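Observations on chain architecture
Read off the chains here:
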Amino acid sequence: LDAIMAFFSGAKEVTGTWDGKLAYNDLPYPLAAAGKGGETPTGATAKVWTFDYASLTPDSFEYLTDQWGDDTSASDGIRAYGGVVDSYSIGFPESLEAMDLSAQLVYADADMATDRTAGLVVDANPTWVYGADVEWFLDTTTGAIGTTKWTDAIHRIVWQWNNNLDRKRFANGSNTRFKLAGYGRGEREITVAVTTSKTTASMAEAATLDDDPVPDRFVEMKVTSPSIITGSTPYSWSRRAPARLLTREDGEIGGNTTITLTYRVFYSSTLTY
């Protein structure tokens, strides 16, 4: 009735997750590990990170090491390395509180770590990326991107990013065995779902869904914190993308009707991203 033979080894599938609220100082990690590695920020105190994702060539990966453990024993822990973000979701609810980050990671390998990185410091008072600080812009031409703002309309915005990573394994003898040899970028899927009240602009935009073809749009989500880094420079984040309307869904919030417009990001040869 029961198995007799021992299991045989095969390809390792080492995964992990990030789930929590999003702070500005943590934001470069998912943006790099999912999209483009090797970026160096500019600026002395107020750092500026620029991620200009390529579509016609594969960007380099940003590799991460994660460690897990608790205060039970210093000898009981797991260390995963060669990690990248395969997919993530970043967005805020209609309460306009700090944005939520949920990311799925895949790693080349892991071991049972008996040593831990010492001196890790947790930020006790992070500067959160609030939905209340968001502005949404939607334009019809590349040259106008970031100029036409939707006012008194936006309830919620959620960005979804899926790399569809190709995990590469090669038979190279016992020196590598079942470790991942590398990653290849698959067909990237990026969507943004915008939940808006029914305004003249949002209803007109929703009506374009049955146009043939659906028109190109050029969108920007801009977040500006009231918290100042230094001088007059606040914490901020701007995400721009060319996008086409994919679906429309009707709903309600607090008894008021809403429309959720979901866009699929595409490559623009004019913007070159």
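For the structure itself, consult the block above.
First, a word on scope: everything that follows refers to the structure included in this document. (Residues numbered from 1 in each chain as written. Predicted model: local features only at pLDDT ≥ 70, side-chain atom pairs only at ≥ 80, totals over all residues. Heavy atoms only, no water.)

Quick look at the side chain of Thr196
Defined as follows: Only DSSP runs of H or I covering at least 4 residues are called helices, and only runs of E covering at least 2 are called strands; the numbering of each starts at the N terminus. Burial status follows relative accessibility: with a 1.4 Å probe on protein chains alone, a residue under 20% of its type maximum counts as buried, one over 50% as exposed, and anything between as partly exposed. Counting of polar contacts relies on pairs of N or O atoms within 3.5 Å, with two restrictions inside protein: one atom must be capable of donating a hydrogen and the other of accepting it, and residues adjacent in sequence are counted only when both atoms are side-chain atoms. Residues count as neighbours in contact if any of their non-hydrogen atoms are within 4.5 Å of one another.
Turning to its location among the elements, Thr196 is positioned in strand 10 (residues 189-197). Assessed through its relative accessible area of 0%, Thr196 is described here as buried. A polar side-chain atom of Thr196 sits 3.3 Å from the main-chain carbonyl oxygen of Ala153. Other than its neighbours up to four places away in sequence, Thr196 contacts Trp150, Ala153, Ile154, His155, Ser202, Thr258, Ile259 and Leu261.

Observations concerning the nonpolar core
Here is the rule we go by: Only buried residues count toward a nonpolar core, which is a set of Ala, Val, Leu, Ile, Met, Phe, Trp, Tyr and Cys residues joined through side-chain atoms within 4.5 Å.
With 47 residues, the main nonpolar core has Tyr88, Met99, Trp136, Ile157, Trp159, Met221 and Trp237 as its most contacted residues. Once residues within four sequence positions are removed from consideration, Tyr88 is found in contact with Pro30, Leu31, Ala34, Leu101, Ser102, Ala103, Gln104, Trp159, Gln160, Trp161 and Arg239. The next biggest cluster of nonpolar side chains, apart from the first, holds 7 residues, and it includes Phe61, Ala108, Leu165 and Leu180.

Let's talk about the packing of aromatic side chains
The geometry of an aromatic ring pair is captured by two quantities: the separation of the ring centres and the angle between the planes. Counted only if it meets this: For Phe, Tyr and Trp, where Trp contributes only its six-membered ring, two rings pair if their centres lie within 6.5 Å, and the inter-plane angle classes them as stacked under 30 degrees, edge-to-face over 60, or tilted in between. Cation placement over rings: the criterion is NZ of Lys or CZ of Arg within 6 Å of the ring centroid and within 35° of the ring normal.
Overall, the coordinates contain 9 aromatic pairs when judged by the stated rule. Aromatic side chains Tyr24 and Tyr235 sit 5.5 Å apart centroid to centroid with 40° between the ring planes, which places their arrangement in the tilted category. Of this pair, Tyr24 sits in the loop between strand 1 (14-21) and helix 1 (28-34) while Tyr235 sits in strand 12 (residues 233-253), and the two are 211 residues apart along the sequence. For Tyr235, a relative accessible area of 17% puts it in the buried group. With a centroid separation of 6.3 Å and 25° between ring planes, the pair formed by Tyr63 and Tyr183 is classed as stacked. Pair noted here: Tyr63 is in the loop between helix 1 and strand 2 (64-69) and Tyr183 is in strand 9 (residues 182-184), with a separation of 120 residues, a long-range link. Owing to a relative accessible area of 48%, Tyr63 belongs among the partly exposed residues under this scheme. According to the relative accessible area criterion, Tyr183 is buried, its value standing at 10%. Taken together, the ring pairs connect Trp49, Phe51, Tyr53, Tyr88 and Trp161 into an aromatic cluster. The lysine or arginine in question, Arg185, covers the ring of Phe61, its NZ or CZ lying 4.2 Å from the ring centre. In this structure, Arg239 is placed above the aromatic ring of Trp159, and the distance from its NZ or CZ to the ring centre is 4.9 Å.

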